[in-house]
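# Structural overview for review
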Amino acid sequence: MKEKILEYLFTHQEEFTSGEVLRKKFNVSRTAIWKHIKTLKEEGYQITSISNKGYQLQIEEDQLVSYELEKILGKEIEVFQSIDSTNNYLKRGMQDFPDKKMVLSEEQKQGRGRLGRDWYSPKGAGLFFSMLLKPKISMQESFKITGIAAAAVAEAIEEVTGLPAKIKWPNDITVNGKKVCGILTEVSGEMDKINYLIVGIGINVNTPDFSADLKAMATSLYLEKKEKISRKDLFVTLAKKFFYFYDDFTERKNLQEVHGILEGRSAILGKEIFVIRGEEKKQGMAMAISEDGFLKVRYDSGEEEVLSSGEVSVRGLEGYL
Ligand code: BTN
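First, a word on scope: everything that follows refers to the structure included in this document.

What counts and how
- Residues numbered from 1 in each chain as written.
- Predicted model: local features only at pLDDT ≥ 70, side-chain atom pairs only at ≥ 80, totals over all residues.
- Heavy atoms only, no water.
- Near = heavy atom within 4 Å.
- Polar contact = N/O pair within 3.5 Å; in protein donor to acceptor, adjacent residues only side chain to side chain.
- Areas by Shrake-Rupley, 256 points an atom, 1.4 Å probe, with all protein chains shown as cover.
- Helix = DSSP H or I, 4+ residues; strand = E, 2+ residues; numbered from the N terminus.
- Nonpolar A, V, L, I, M, F, W, Y, C, P; charged D, E, K, R; others polar.
- Axes fitted to C-alpha atoms, helices over the stretch in contact; angles between N-to-C directions.
- Left-handed = near helix turned anticlockwise from the far one by under 90°.
- Contact = heavy atoms within 4.5 Å.
- Buried < 20%, exposed > 50% of the residue type's maximum accessible area, 1.4 Å probe, protein only.

### As for the site of the ligand
Taken together, the neighbourhood of the ligand is formed by 19 residues, with Ser85, Gln108, Arg112, Arg114 and Lys179 sitting nearest. Threonine 86 places a polar side-chain atom, nitrogen or oxygen, 3.2 Å from a nitrogen atom of the ligand. With respect to the ligand, the side chain of lysine 179 contributes an N or O atom lying 2.6 Å from an oxygen atom. Across the complex, the protein chains shield 98% of the 420 Å² of accessible surface that the ligand would expose by itself. Put simply, the parts of the chain that give the shell around the ligand at least two residues each are helix H5 (86–93), strand S5 (127–133), strand S8 (178–189) and strand S9 (194–203). Residue contributions to the shell around the ligand peak at four residues, all from S8. Of the residues contributing to the shell around the ligand, the split by class is five nonpolar, 10 polar and four charged.

### Observations regarding the packing of helix H4 (residues 66–73) against helix H9 (residues 231–252)
Axis separation between H4 and H9 bottoms out at 11 Å; the angle between their running directions is 35 degrees. As for how H4 packs across H9, the hand of that crossing is right-handed. For the pair H4 and H9, contact is made by Glu68, Leu69, Ile72 and Leu73 and by Lys232, Phe235, Val236, Ala239 and Lys240, respectively. Of the residues contributing to the contact of H4 with H9, the split by class is six nonpolar, no polar and three charged.

### A look at the side chain of arginine 265
Structurally, arginine 265 is set in the loop between helix H10 (256–264) and strand S10 (272–277). Arginine 265 gets classed as buried once you look at its relative accessible area, which sits at 16%. Polar side-chain contacts of arginine 265 include one of 2.8 Å to the side chain of glutamate 155. The contacts of arginine 265, once residues within four sequence positions are left out, are Ala154, Glu155, Glu158, Ala165, Lys166 and Ile167.

### Some words on the side chain of lysine 144
Structurally, lysine 144 is set in helix H6 (residues 139–161). The exposure class assigned to lysine 144 is buried, which follows from its relative accessible area of 15%. Residues within four places of lysine 144 in sequence aside, it is in contact with Phe249, Leu255, Glu291 and Asp292.

### Some remarks on the environment of valine 21
Within the secondary structure, valine 21 sits in helix H2 (residues 19–26). Distance from valine 21 to serine 49, taken between C-alpha atoms, is 14 Å for residues 28 residues apart in sequence.

Okay, here's the thing in structure tokens:
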């Protein structure tokens, strides 16, 4: 019912809608209408109520509205004003949530990055979202999903902003040598069959500034482009690309296009890098990315190694990359 009221107000934004009109339309009491409006307000929707006139919804420019996004993408999409972490939210409810459910939040209080790090998630400045996926694939194959996400993010960034987006294997997207996006993929299941996978994506879209310690390696699309970017356009473009690649992989096992993007947009192939594993740091050349999403490295000793995304971090010789 709440969603229906939101849909009605959304499609009648230019006018006030009286409680009576809503009551008749949805065949519920005025009190019920009032309660749903109150909940919508608590969820962050700006609804002006004037006695004798009714209710009017005001959508701010670039506000992420679940109703609108669901209509465009045809998936269940929840939008929070604030949350601990969108990955945590999906993990808590994954039994009840449908496959491909997406959840976004305007801010995260405990946004999480890889290797136990925090993810800076200030209100309204970025895209912080997660997707719940229940594909019939093995644990080994699940690494490929991070690659699919990275390819979709990089392509979407370039399409929407025109900025040259690169992929720093396995899960960072960079622009002009600094990180604009990180991907945190969490998997639960057995080696031969996973139960579910949560892909969390954080993009610094309109972030105006970073703390001194983040500044050296992080930037935002706004800082690089020097103009505000539409988070809605970016999200929609990205989600469409992600599910196009994802369906191609899960339904047809086809990863050709993704693999081409991962290699073509790689920030590290053909470069000297440091491979960091805990306290250990080894220098070598990034040689190739396999279709499975593994990175082949040749160390200065001549020894070669194939790395999976879960085990290492990669850095450029002079800083982030
Ligand atoms: C990294 O680069 O370390 C990965 C960062 C992933 C951040 C995103 S933001 C949405 C989702 N929720 C989280 O708590 N983390 C991911």
